[in-house]
Amino acid sequence: QLQLVESGGDLVEPGGSLRLSCAAKRSSLFRLYDMGWYRQVPDKQRELVAEISKSGTTTYADSVKGRFTISRDNGLKTMDLQMNSLKPEDTAVYYCKSSYDGRTTWGQGTQVTVSS
C-alpha cells in the first residue's frame, strides 16, 4: 500500500526559504500519480498550495505564485516544494497528496512555522 512521507518542515524567519520533500514508499507507479501539496491551519479547511500532474503540468495557489516551486523526480519517487520569501501567513501543516485511478493518499504532514 502506498505511503507518503513528508520532510523538511521547520521554523524559519520571514523572508527565509525552506524545501519540503515528499517520498512515495511502496510504489511502482509513482510516474502515473498526480501529486500535490496542501496546507492547513487550525480551524480552517485544508487548501491547495501547488499541484504537479503526471505529465509535469503545474498549478499554484495565487498566494504562493512566484515564491514557491513544485517539482517531481519520478526516478527517486519524490516530490519537492521549494518555498522562498516565506511569510508568517505561510505557517501551516503541509501535506503531500497523491491521486491515481480514483484513489487519494495523504501523508502525515510536516509543520512549517514562519516567525521572527
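Structure first, text after, so check above.
Calculation notes
Residues numbered from 1 in each chain as written. Predicted model: local features only at pLDDT ≥ 70, side-chain atom pairs only at ≥ 80, totals over all residues. Heavy atoms only, no water. Phe/Tyr/Trp six-rings, centres within 6.5 Å; stacked < 30°, edge-to-face > 60°. Helix = DSSP H or I, 4+ residues; strand = E, 2+ residues; numbered from the N terminus. Buried < 20%, exposed > 50% of the residue type's maximum accessible area, 1.4 Å probe, protein only. Lys NZ or Arg CZ within 6 Å of the ring centre and 35° of its normal. Salt bridge = Lys/Arg side-chain N within 4 Å of Asp/Glu carboxyl O. Disulfide = S-S within 2.5 Å. Pairing = 2+ DSSP bridges. Axes fitted to C-alpha atoms, helices over the stretch in contact; angles between N-to-C directions.

## Let's talk about the packing of aromatic side chains
Then step 1. In total, this model carries 4 aromatic pairs according to the counting rule given.
Then step 2. Pairing Tyr38 with Trp106 gives two aromatic rings, centres 5.1 Å apart and planes at 75°, and the pair type is edge-to-face. Placement of the pair is Tyr38 in strand β4 (residues 34–40) and Trp106 in strand β10 (residues 103–106), with a sequence separation of 68 residues.
Then step 3. For Trp106, a relative accessible area of 35% corresponds to the partly exposed category.
Then step 4. Judged by centre distance (6.5 Å) and plane angle (90°), the ring pair of Tyr95 and Trp106 falls under edge-to-face. Of this pair, Tyr95 sits in strand β9 (residues 92–100) while Trp106 sits in strand β10, and the two are 11 residues apart along the sequence.
Then step 5. Above the face of the Trp106 ring, Arg46 is positioned so that its terminal group lies 4.6 Å from the ring centre.
Then step 6. We note Arg72 situated over the ring of Phe30; from NZ or CZ to the ring centre the distance is 4.8 Å.

## Observations regarding unusual backbone geometry
Then step 1. Even without glycine at this site, Asp43 takes up a positive phi of about 70°.
Then step 2. Position of Asp43 relative to the elements: it lies in the loop between β4 and β5 (47–52).
Then step 3. In this structure, Lys77 is a non-glycine residue whose phi angle is positive, near 60°.
Then step 4. Relative to the helices and strands, Lys77 is located in the loop between β7 (68–73) and β8 (78–83).

## Re the pattern of salt bridges
Then step 1. Within the structure shown, the criterion is met by 6 salt bridges.
Then step 2. Asp80 serves as the salt-bridge partner of Arg19, at 3.2 Å between the closest nitrogen and oxygen. Here the residue Arg19 occupies a position in strand β3 (residues 18–25), and Asp80 occupies one in strand β8, the gap between them amounting to 61 residues.
Then step 3. A relative accessible area of 43% means that Arg19 is categorised as partly exposed.
Then step 4. Linking Lys65 and Asp62 is a salt bridge whose minimum nitrogen-to-oxygen distance equals 3.1 Å.

## Examining the state of the cysteines
Then step 1. Applying the stated criterion to the full structure yields 1 disulfide.
Then step 2. The disulfide that involves Cys22 links it to Cys96, with 1.9 Å between the sulfurs. Looking down the S-S bond of the Cys22 and Cys96 bridge, the torsion is -65°, so its handedness is left-handed. Pair noted here: Cys22 is in strand β3 and Cys96 is in strand β9, with a separation of 74 residues, a long-range link.

## A look at the sheet that holds strand β1 (residues 3–7)
Then step 1. The 4 strands are arranged β1-β3-β8-β7 in an open sheet whose pairing can be described as antiparallel. The two strands at the open ends of the sheet, each matched to only one other strand, are β1 and β7. Going across the sheet, the axis of each strand differs from the next one's by a mean of 15°, ignoring polarity.

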